[in-house]
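Here's the letter readout for the chains.
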Amino acid sequence: MKIKDFKVEQWMNAWETKCRYNVAETCTYSMSLDEVFELCEGSAEAGAKARDEFLSAFCKRRLTYGDIEGNPKFLEGICGLYQTVEPGHIIPTHGAAGANHLVLTTLCEPGDHVVSVMPTYQQLYSIPQMCGANVSILHLDKEQRYHVDAKRLDALCGDDVKVICINNPDNPTGALLSEEEIRGIVDIARRHDAWLVFDEVYRLLVQDSDAFTTSPVDLYDKAVVVSSMSKVWSMAGIRLGWCITKDPQLRHDLLSHRDYNLISCGLFDEEVAAYALAHRDAILARSHRIVRQNLQVLQEWVDSEPRLSFVRPEAGTTALVYYDYDVDSYDFCADMVKTTGALVTPGDAFEEPHSMRIGYAYSDNPDDLRQGLAAISAFMRTLEF
């Protein structure tokens, strides 16, 4: 089957290892294993002891396929992130990208009607199109802070919608749906008897300390949610994600599809993830500190640049920043990284011209972000002559 080029990933593949300032990075500043143990145990000494015990125990294990349906400790850790999820609802995958691919290729068939949003992660509309589905796009409105308009969504669904795809918090905009908005979307899906697929890879990474990101899997039996250890938990390197469904038949179908391309996830990956989720409060506190301090730096920079504008993100690690130059975003971003070493992602990769996606959590030091943003400013000065 043919599929459209994955614009964001191809851009990152081309430039991520060639830049000086990776202001395109979407993960909260990644940690080494030493840093994980030190953070979770509270000190370098305690962390080193826990690390040695962890590695000693793991090195004695035979490298089998492990628990095909997931390490029980890892599954229990995921359950702690939701209100009503049980281990038997969870299917581990190769990252959130693997989870999205698994869910959408299982649900979507030729002729199905799928509704997705834009801008968002391209998987949520290109994979259904690859499967032969008829995809209707709900364009998120900047004037509505990129929140889903329930009336427009309902109108797009019509009488025949099978799958509704939503990204919350949204990538690239950082929009965060409220519980009321999520319940409204659930009501629409229930009325149409549609599957509701939520990519929640940035869930819990909120700016407001009082915000709680309700998950539709806790509200609706035909909800399917996807997440991973990458963005919030700073562990993209273990390549581990999950999808969750409470529907027994869909779970069977997902596992059946997964048998053909994955079988099981890695023993070491699941052990590391289980340890991290057992200490989730410490890691989440670190992630909140990074995204909150860095977003303030980004806000101050945008405010200081008269030819830039954005809708301040409410969650996640990314912002969609618009620029007032008559330059194609691919040319803008390519020339920038070549001349200054500052890497951002072209807005056209999300079908949003004259913009760039900035990843503002790529370092735990706000000064690093300031240097990357200063390089972008220096590049923009060259466009004004």
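What you see is a predicted model; the values in this text were computed from it and never measured. (Residues numbered from 1 in each chain as written. Predicted model: local features only at pLDDT ≥ 70, side-chain atom pairs only at ≥ 80, totals over all residues. Heavy atoms only, no water.)

A. View of the overall build of the protein chain. For the protein chain, the helix and strand inventory stands at 13 helices and 13 strands. What you see for the protein chain is a C-alpha radius of gyration of 21 Å, in line with the 21 Å of a compact globule of 385 residues. With the C-alpha coordinates aligned to their principal axes, the bounding extent of the protein chain is approximately 60 × 60 × 40 Å. Across the 385 residues that make up the protein chain, the buried fraction comes to 57%. Relative to all contacts within the protein chain whose residues are 6 or more apart in sequence, the contacts with residues 24 or more apart total 73%. For the protein chain, the accessible area works out to roughly 16,100 Å², and carbon and sulfur atoms hold 49% of it. (Helix = DSSP H or I, 4+ residues; strand = E, 2+ residues; numbered from the N terminus. Rg over C-alpha atoms; globule rule 2.2 N^0.38 Å. Buried < 20%, exposed > 50% of the residue type's maximum accessible area, 1.4 Å probe, protein only. Contact = heavy atoms within 4.5 Å. Areas by Shrake-Rupley, 256 points an atom, 1.4 Å probe, with all protein chains shown as cover.)

B. Spotlight on the packing of helix H3 (residues 44-59) against helix H10 (residues 267-278). The interhelical angle for the contact between H3 and H10, taken along N-to-C directions, is 150 degrees, at an axis separation of 12 Å. Seen from above, H3 lies across H10 with right-handed handedness. Note on element contacts: H10 touches H3 through Leu267, Phe268, Glu271, Val272 and Tyr275, opposite Ala50, Phe54, Leu55 and Phe58. Its residues assigned to classes, the contact of H3 with H10 shows 8 nonpolar, no polar and 1 charged. (Axes fitted to C-alpha atoms, helices over the stretch in contact; angles between N-to-C directions. Left-handed = near helix turned anticlockwise from the far one by under 90°. Nonpolar A, V, L, I, M, F, W, Y, C, P; charged D, E, K, R; others polar.)

C. Main features of the sheet that holds strand E7 (residues 223-228). Taken in spatial order, the 7 strands line up as E2-E8-E7-E6-E5-E3-E4 in an open sheet, and their pairing is mixed. At either end of the open sheet lies a strand with only one pairing partner, and these are strand E2 (90-93) and strand E4 (134-139). Sheet twist, expressed as the average angle between the axes of neighbouring strands with direction ignored, equals 20 degrees. Pairing between strand E5 (residues 161-167) and strand E6 (residues 195-199): 5 bridges, direction parallel. (Pairing = 2+ DSSP bridges.)

D. Structural context of the nonpolar core. Counting residues in hydrophobic clusters, the biggest one holds 103 residues, and the most contacted among them are Ile164, Met229, Leu298, Trp301, Met356, Ile358 and Ile376. If you tally residues by element for this core, the top one is helix H11 (residues 280-304), at 9 residues. Excluding residues that lie within four positions of it along the chain, isoleucine 358 makes contacts with Val23, Leu298, Trp301, Thr317, Thr318, Ala319, Val321, Val344, Leu373 and Ile376. (Core = buried A, V, L, I, M, F, W, Y, C linked by side-chain atoms within 4.5 Å.)

E. Just unusual backbone geometry, in detail. A cis geometry characterises the amide bond from methionine 118 onward to proline 119, with omega recorded as 5 degrees. Tracing the sequence through the fold places proline 119 in the loop between strand E3 (113-118) and helix H6 (123-130). The linkage connecting asparagine 168 with the following residue, proline 169, adopts the cis geometry, with an omega of -5 degrees. Along the chain, proline 169 turns up in the loop between E5 and helix H8 (179-192). Look at isoleucine 263: it is not a glycine, yet its phi comes out positive at around 70 degrees. Mapped onto the elements of the fold, isoleucine 263 is located in the loop between helix H9 (248-261) and H10.

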